[in-house]
2 protein chains.
Amino acid sequence: MNITFKCLECGLSNFIKLMNEFNMPEDIQKRAMKDFLLFLSHLNYSDSPPVISKYYHEEIKKLLNNKDPYYDKKRFYNQKILSEYDNFRSLINKTNNSVRATFMLTLAGNIIDFGPNQNFNIEETLHNALKETLYIDHYNKLINDIYRSSLILYITDNAGEIVFDKMFIEKILELNMVSRDKIVAVTRGGPVINDATIEDAQDVGLTEIVKVIDTGDCAPGIILENTSEEFREYFHTADLIISKGQGNYETLHSTNNKNIYFLLIAKCPLIADILKVPHKSFVCMKKGEGK
Amino acid sequence: MNITFKCLECGLSNFIKLMNEFNMPEDIQKRAMKDFLLFLSHLNYSDSPPVISKYYHEEIKKLLNNKDPYYDKKRFYNQKILSEYDNFRSLINKTNNSVRATFMLTLAGNIIDFGPNQNFNIEETLHNALKETLYIDHYNKLINDIYRSSLILYITDNAGEIVFDKMFIEKILELNMVSRDKIVAVTRGGPVINDATIEDAQDVGLTEIVKVIDTGDCAPGIILENTSEEFREYFHTADLIISKGQGNYETLHSTNNKNIYFLLIAKCPLIADILKVPHKSFVCMKKGEGK
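Just so you know, these numbers come straight off a predicted model, no measurement behind them.

(A) Representation of the relation of the copies chain A and chain B in the model. For these two chains of identical sequence, chain A goes onto chain B by a turn of 180° and a shift of 0.0 Å along the axis, with RMSD 0.0 Å. Interpreted geometrically, this transformation is the action of a two-fold axis. Interface overlap between copies is the fraction of interface residues in one copy that are interface residues in the other; for chain A against chain B it reaches 100%, indicating a shared surface.

Okay, structure coming up:
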């Protein structure tokens, strides 16, 4: 997905909001704003929007002299969801399709997002998750593809949400839909917003059930040319990619790789428009196949 | 009033909106955006917000190769209000304070604005004008000052609205509150948005009742250092300045000149905050004297 003028507006607003939230002194804000505007003036519009958010989150980290300003929040959401793990599991096991129920919770978990303009109510979202509509529903195709794959790359998105990703992976392993050695999970290569890193995968025990690698880059998405060789090798050899969230959609939408499923809540009005779904819809879409 | 980050956000959104409204080709928009972002990156935050709107309106005019994109709209609003001139006059004359009633209509006329984020309902605003509250009410002081002044500079704002300015000036002349040679009206020095120029003053007959000069500059406000010598001479010798609208407030708010009355509708949330009045309030405020 290419950068639009709307992404500039959104990036500018969010950068201002973050500088205020982190209480940065006025002169530092003005200098940082100058650099950000210069960066925006040299943008390549054929890049994807996470190029912008990567820039200003890196900037915020530098200004704060803090490599991970969301560290505590990420731990909080991991523990919050983990503390209800058994409740969620028993809720799921009471349904007549426990795979789909787990899948819907995994999708609902995508609401935990500290990106631009996010006001989320996690309790409400999770409470309603099992009865949500999938506005683009390639779920059955996905399940068929999971059965037939020889290597699945599962790209996670946010901390907290990653607990549900673990739950979904556990469920498909439990039902022998796929064997443990055929699935590799992916986190970001470094902290950015509340995106999950290897530490979150360890925190929630995902590393105990499957191999987990990282992208080698801390963009809030997959900017392929910046990722590690290891990641790219998996990316190109996997015959099924499960991609969570908007950042991964924005960056992977235009790659050549065909067998990608995008699982996301359409939290940005622009993306909802592109996908032709209502704002905040639940989506499970196979790349290249529309509604 | 100094430029804030909110003004950058507002300027960026409005520039994008205008380029779309005027159907500019994508490559031209991208080049113009690059220049605008470079301009913003070099901003001096001690300037006032109209420096930003002046820039992008000049840019839009250049890109359209049209010195006055709002020409027809300005004529339309002048004629629309002129066509009801007699109705407004008789409405006013039925009230028990025809000066105040004219004044309230003059203020209400400030709603006719094609600046950022303006969705105005002129009929509704005019209909309610006489019973509106003045959230900052230095009206009585203003009337006293009009009686005592030896030179009044009346700085107009928008086309259409200028008909009501004429009506107010006519009313104070009619009641001999001031003599004709003691009042000079001011328009912009060139077209910018729907701000009134000398042509509008002629269009509505203001030039027939008092002397009208222009600022010599086409900023949507008074950036003193860019104005003509004639304007500055009047500005410094006048002992009472009546300033209509936000653009004039934003630029004149921090000048040394003391006896300025700001008459405006607080259409920008930031200005409403600064003035400590609700958004869209009617305000008549003597400079340096708060609520």
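What follows picks up the thread again.
(B) Summary view of the pairing of strand 6 (residues 260-265) of chain A. Residues and elements named next belong to chain A. Counting buried residues in strand 6 gives six out of six residues, a clear majority hidden from the surface. In strand 6, alternate side chains face the same way, and those of Ile 260, Phe 262 and Leu 264 on one face and Tyr 261, Leu 263 and Ile 265 on the other are all buried. The pairing of strand 5 (residues 240-244) with strand 6 spans four bridges and is classified as parallel. Looking at the pairing, Ser 243 lines up with Phe 262 of strand 6. Regarding the hand of the β-α-β motif, the stretch spanning strand 5, helix 13 (residues 245-252) and strand 6 is right-handed. Both strand 6 and strand 7 (residues 282-286) contribute to a ladder of five bridges, which runs antiparallel. For Ile 265, the partnering residue across the bridge sits in strand 7 and is Phe 282.

(C) Representation of the interface of chain A and chain B in the model. Taken together, the contacts link 17 residues of chain A with 17 residues of chain B. Roughly 1,700 Å² of surface becomes buried between chain A and chain B when both sides are summed, with 77% attributable to carbon and sulfur atoms. When the buried area of chain A at its contact with chain B is split by residue, A:Phe5, A:Leu37 and A:Ser41 rank highest and sum to 33% of it. Here chain A is connected to chain B by zero salt bridges. Our enumeration of links across chain A and chain B arrives at four residue pairs in polar contact (both at pLDDT 80 or more). Mapped by element, the contributors of at least two residues to the side of chain A that touches chain B are helix 1 (5-21) and helix 2 (26-41) of chain A.

(D) The arrangement of the side chain of B:Arg188 in detail. All names here are of chain B. Looking at where Arg 188 falls in the secondary structure, it is placed in the loop between strand 3 (183-187) and helix 10 (198-203). Taking relative accessible area as the criterion, Arg 188 reaches 2% and is therefore assigned buried. A distance of 2.7 Å separates a polar atom in the side chain of Arg 188 from a polar atom in the side chain of Asp 195.

(E) Structural context of the environment of A:His253. All names here are of chain A. Here His 253 is to be found in the loop between helix 13 and strand 6. Judged by relative accessible area, His 253 falls into the partly exposed class, the value being 31%. Residues His 253 and Ser 48, spaced 205 residues apart in sequence, show a C-alpha to C-alpha distance of 9.5 Å. Beyond its immediate chain neighbours, meaning those up to four positions away, His 253 contacts Met 1, Asn 248, Phe 262 and Lys 287.

(F) Molecular detail of the packing of helix 2 of chain A against helix 3 (residues 50-64) of chain A. Residue and element names in this part refer to chain A. Between helix 2 and helix 3, whose axes approach to 11 Å, the crossing angle comes to 155°. Viewed along their axes, helix 2 and helix 3 adopt a mutual orientation that is roughly antiparallel. Where helix 2 crosses over helix 3, the two elements pack in a sense that is right-handed. For the pair formed by helix 2 and helix 3, the contact residues are Ile 28, Ala 32, Asp 35, Phe 36, Phe 39 and Leu 40 on the first element and Val 51, Ile 52, Tyr 55, Tyr 56, Glu 59 and Leu 63 on the second. The class makeup of the residues in the contact of helix 2 with helix 3 is 10 nonpolar, no polar and two charged.

(G) Quick look at unusual backbone geometry. Residue and element names in this part refer to chain B. A positive phi angle is found at Asn 176, which is not glycine, with a value near 55°. You can see Asn 176 is positioned in the loop between helix 9 (161-174) and strand 3. Despite not being glycine, Lys 280 has its phi angle at roughly 75°, a positive value.

(H) Broad picture of empty space enclosed by the protein. Residue and element names in this part refer to chain A. Applying the stated criterion across every chain, the model contains two cavities of 30 Å³ or more. What lines the largest cavity is simply His 57, Lys 61, Asp 68, Pro 69, Tyr 70, Pro 191, Val 192 and Ile 193. Estimated volume of the second largest cavity: approximately 30 Å³. Its residues assigned to classes, the lining of the second largest cavity shows five nonpolar, one polar and one charged.

(I) Region of the structure containing the side chain of A:Lys166. Structurally, A:Lys166 is set in helix 9 (residues 161-174). Although buried, A:Lys166 forms no salt bridge, and the nearest oppositely charged side chain, A:Glu170, lies 4.2 Å from it.

(J) Fine view of the pattern of salt bridges. Scanning the model with the defined rule gives 44 salt bridges over all chains in all. When the shortest N-O distance is used, the salt bridge between A:Glu174 and A:Arg89 registers 2.7 Å. In this pair, A:Glu174 sits in helix 9 while A:Arg89 sits in helix 5 (residues 85-93), placing the two residues 85 residues apart along the sequence. Among the ionic pairs, B:Glu26 bridges to B:Lys30, the shortest N-O distance being 3.0 Å.

(K) Seen up close, the sheet that holds strand 2 (residues 152-155) of chain B. All names here are of chain B. Strand order in this open sheet of seven strands is 1-7-6-5-2-3-4, and the pairing throughout is mixed. The outermost strands of the open sheet, each flanked by one partner alone, are strand 1 (134-137) and strand 4 (211-214). On average, adjacent strands in this sheet sit at an angle of 15° to one another, irrespective of strand direction. Note that strand 2 and strand 3 share four bridges and pair parallel. Across the sheet, Ile 152 pairs through a bridge with Ile 183, a residue of strand 3. Against the sheet, helix 8 (residues 139-148) engages strand 1, strand 2, strand 5 (240-244), strand 6 (260-265) and strand 7 (282-286), with an angle of about 135° to strand 5. Packed on one face of the sheet, helix 13 (residues 245-252) meets strand 2, strand 5, strand 6 and strand 7 and runs near 140° to strand 6.

Rules used in this analysis
- Per chain, the residues get numbers from 1 upward, laid out in the order the sequence is written.
- Naming scheme: in the order in which they are written, chains are lettered from A and ligands are numbered from 1.
- The predicted nature of this model means local features are confined to residues of pLDDT at least 70 and side-chain atom pairs, given and counted, to a pLDDT of 80 or more, with totals for whole chains, interfaces and linings taken over all residues.
- By convention in this description, side-chain values take in all heavy atoms of the structure and omit both hydrogens and water.
- Only residues with pLDDT of at least 70 in both copies count here: their C-alpha atoms drive the least-squares fit that superposes the copies.
- A contact between two residues is defined here by any heavy atoms of the two lying within 4.5 Å.
- In this scheme, a residue with accessible area under 20% of its type's maximum is buried, one over 50% is exposed, and one in between is partly exposed, where area comes from a 1.4 Å probe on protein chains only.
- Each helix is a run of H or I in the DSSP string that is no shorter than four residues. Each strand is a run of E no shorter than two, and both are numbered from the N terminus.
- The rule for pairing is simple: two strands pair if DSSP sees at least two bridges between them.
- The handedness of a crossover follows from its direction of travel: if, with the strands pointing away from the viewer, the path from the first strand over the helix to the second runs clockwise, the crossover is right-handed.
- As used here, buried area is the combined drop in accessible area, with a 1.4 Å probe, of two parts when they are placed together.
- What makes a salt bridge here is a side-chain nitrogen of Lys or Arg within 4 Å of a carboxyl oxygen of Asp or Glu, nothing more.
- N or O atoms closer than or at 3.5 Å make up a polar contact, with two conditions inside protein: a donor-capable atom paired with an acceptor-capable one, and, for residues adjacent in sequence, both atoms drawn from side chains.
- Axis definition: a line fit to C-alpha positions, over the contact stretch in the case of helices; interaxial angles, taken between N-to-C directions, run 0 to 180 degrees.
- For this classification, under 35 degrees means roughly parallel, over 145 means roughly antiparallel, 65 to 115 means roughly perpendicular, and everything else is oblique.
- Crossings are sorted by hand: turned counterclockwise from the far helix by less than a right angle, the near helix makes the crossing left-handed, and turned clockwise it makes it right-handed.
- All amino acids are sorted into three groups, where Ala, Val, Leu, Ile, Met, Phe, Trp, Tyr, Cys and Pro are nonpolar, Asp, Glu, Lys and Arg are charged, and the leftover types, Gly among them, are polar.
- Cavities and pockets are defined on a 1 Å grid built over the protein atoms alone: a cavity is a set of grid points where a 1.4 Å probe fits but cannot escape, while a pocket is an open set with protein on both sides within 12 Å along at least five of seven lines, and lining residues are those with an atom within 4 Å of any such point.
- Grid points are joined across faces, edges and corners, and a volume is the space filled by probe spheres set on the points.
- Think of it this way: Lys and Arg go in the positive column, Asp and Glu in the negative one, and His and the chain ends go nowhere.

Note that every value here comes from positions in space, so none of it alone points to a role or purpose.
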